[in-house]
Amino acid sequence: MKVFQSPALRILALVYGLTFAAGLPFAAPDRLVLGAVLMPALVWLSLIDLARHEIPDWATASIALVGLGFQWHLHGPGPEFWTTVLVALVLTATLWTIGAWFFHRNGTEALGIGDAKLIGAGTLCVGAGAVWLLLFVGATGGIAAGLMARQRDATSAAQGLAFGPFLAYAIFLIVIFPSLDL
C-alpha cells in the first residue's frame, strides 16, 4: 500500500518514537506498555485517515479493547471502571448523533463517525477524568494544522482536515504523560 511508503510514516514514527523516549524516565511502566501496544494502531489509523479521510474500524476496535483492558488493570470491576465505560459509550453515541445531524442538515461532515468512535476508544485508554484534556489536545493540534494549511493553500484547506491523527496523538500523549489520576 502506497500509504506505508509515504514520508508521513517516517514522520509519525519519529514523533511517536521521540514522545515515547521522552516519557521513559517519567511514565509508569504500565503506561509505557500501554503506549507501546497502542502505537502501531494509532500510527496506522493516522496514515489511513490522512490518505482516505477514513478511520478503520479495526484500529478503533483494537484501541478500545486495549483501553478496556487497561482500565480493568487500573480499577478492576469497580465503579471507576464502569464510569469510564459509560462515559466512553455516551460520548461516542452523542458525538455520532451530532455528527450525523450536522451532515444531514448541511451536507458536509464536521465530525465523522470514525472520529466519534475514536474519541470513545480513546476515553477507554485515558480514563473518564481525562476526556476533556483528550478533546482539548486533539482539537488544538487540528486547529493549528488547519490554520497552517489555510495559510499555505486555501484549496487543500477547503477539502477538509483529517482529525483522526490529532486524536490519535492526543491519546498517546495522555497515556504517556497523564496529567490526571485515572
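So, here's what we can say about the structure. The shown structure was predicted, so the numbers you read here are calculated from the model rather than taken from an experiment.

### What to know about the overall build of the chain
At step 1: In terms of helices and strands, the chain carries 8 helices and 0 strands.
At step 2: Taken over C-alpha atoms, the radius of gyration comes to 16 Å for the chain, in line with the 16 Å a tight globule of 182 residues would show.
At step 3: Viewed in the frame of its principal axes, the chain has a C-alpha envelope of about 50 × 40 × 30 Å.
At step 4: When each of the 182 residues of the chain is scored for burial, the buried share is 43%.
At step 5: The contacts of the chain with a sequence gap of at least 6 include a subset with a gap of at least 24, amounting to 77%.

### Structural notes on the layout of surface pockets
Over the atoms, a rolling probe the size of a water molecule traces out where space has been left empty.
At step 1: As a volume, the second largest pocket reaches approximately 150 Å³.
At step 2: Lining the second largest pocket are T60, A64, L68, V85, A88, L89, T92, K117, G120, A121 and L124.

### Details of the nonpolar core
At step 1: Core analysis: the largest hydrophobic core is formed by 44 residues, its most contacted members being Y16, L38, L42, L45, I63, I171 and V175.
At step 2: Looking at this core, the elements that each hand over two or more residues are α1 (7–23), α2 (29–52), α3 (57–75), α4 (79–106), α5 (113–126), α6 (131–152) and α8 (164–176).
At step 3: Among the elements that line this core, the one with the most residues is α2, at 9 residues.
At step 4: When residues no more than four places from it in sequence are discounted, the contact partners of L42 are Y16, I63, A168, I171 and F172.

### Thoughts on the packing of α3 against α4
At step 1: Remark: α3 packs on α4, axes separated minimally by 8 Å, with the N-to-C direction vectors making an angle of 155 degrees. Comparing the axis directions of α3 and α4 gives the class roughly antiparallel. Read as a crossing pair, α3 and α4 show a hand that is right-handed. The residues of α4 that touch α3, namely those facing L68, Q71, W72 and H75, are E80, F81, T84 and V85.
At step 2: The class makeup of the residues in the contact of α3 with α4 is 4 nonpolar, 3 polar and 1 charged.

### Remarks on the packing of α5 against α6
At step 1: For the pair α5 and α6, the least separation of the axes is 9 Å and the interaxial angle reads 125 degrees. Accordingly, the angle class assigned to the pair α5 and α6 is oblique. Classified by chirality, the crossing of α6 by α5 is right-handed. Across the interface between the two elements, I119, G122, T123 and V126 from α5 touch V131, L134 and L135 from α6.
At step 2: The residue inventory of the contact of α5 with α6, partitioned by class, reads 5 nonpolar, 2 polar and no charged.

### Re the environment of G76
At step 1: Inspection of the secondary structure puts G76 in the loop between α3 and α4.
At step 2: We classify G76 as buried; its relative accessible area is 15%.
At step 3: Look past the residues within four positions of G76 in its chain and what remains in contact with it is Q71 and F81.

### Here's the deal with α4
Because each turn of an α-helix spans 3.6 residues, side chains separated by three or four positions end up pointing in the same direction.
At step 1: Taking 1.5 Å per residue as the helical rise, α4 with its 28 residues ought to reach 40 Å, and the 40 Å between its terminal C-alpha atoms agrees with that figure.
At step 2: All of the buried residues in α4 are F81, T84, V85, A88, L91, T92, L95 and G99.
At step 3: Elements in contact with the buried residues of α4: α3, α5 and α6.
At step 4: Note on α4: the residue one or two positions beyond its end, G107, has a positive phi of about 75 degrees.

### A word on the environment of A28
At step 1: Within the secondary structure, A28 is located in the loop between α1 and α2.
At step 2: By relative accessible area, A28 is classed as partly exposed at 33%.

### Quick word on the side chain of T60
At step 1: Take T60: it is sitting in helix α3.
At step 2: Look at T60 and you get buried, because its relative accessible area is 6%.
At step 3: Sequence-distant contacts of T60, that is, excluding residues within four places in its chain, are made with I55, K117, L118 and A121.

Rules of the game
Residues numbered from 1 in each chain as written. Predicted model: local features only at pLDDT ≥ 70, side-chain atom pairs only at ≥ 80, totals over all residues. Heavy atoms only, no water. Helix = DSSP H or I, 4+ residues; strand = E, 2+ residues; numbered from the N terminus. Rg over C-alpha atoms; globule rule 2.2 N^0.38 Å. Buried < 20%, exposed > 50% of the residue type's maximum accessible area, 1.4 Å probe, protein only. Contact = heavy atoms within 4.5 Å. 1 Å grid on protein atoms, 1.4 Å probe; cavity = no way out; pocket = protein on both sides within 12 Å on 5 of 7 lines; lining within 4 Å. Points joined across faces, edges and corners; volume = space filled by probe spheres on them. Core = buried A, V, L, I, M, F, W, Y, C linked by side-chain atoms within 4.5 Å. Axes fitted to C-alpha atoms, helices over the stretch in contact; angles between N-to-C directions. Parallel < 35°, antiparallel > 145°, perpendicular 65-115°, else oblique. Left-handed = near helix turned anticlockwise from the far one by under 90°. Nonpolar A, V, L, I, M, F, W, Y, C, P; charged D, E, K, R; others polar. Expected span 1.5 Å × (residues − 1).

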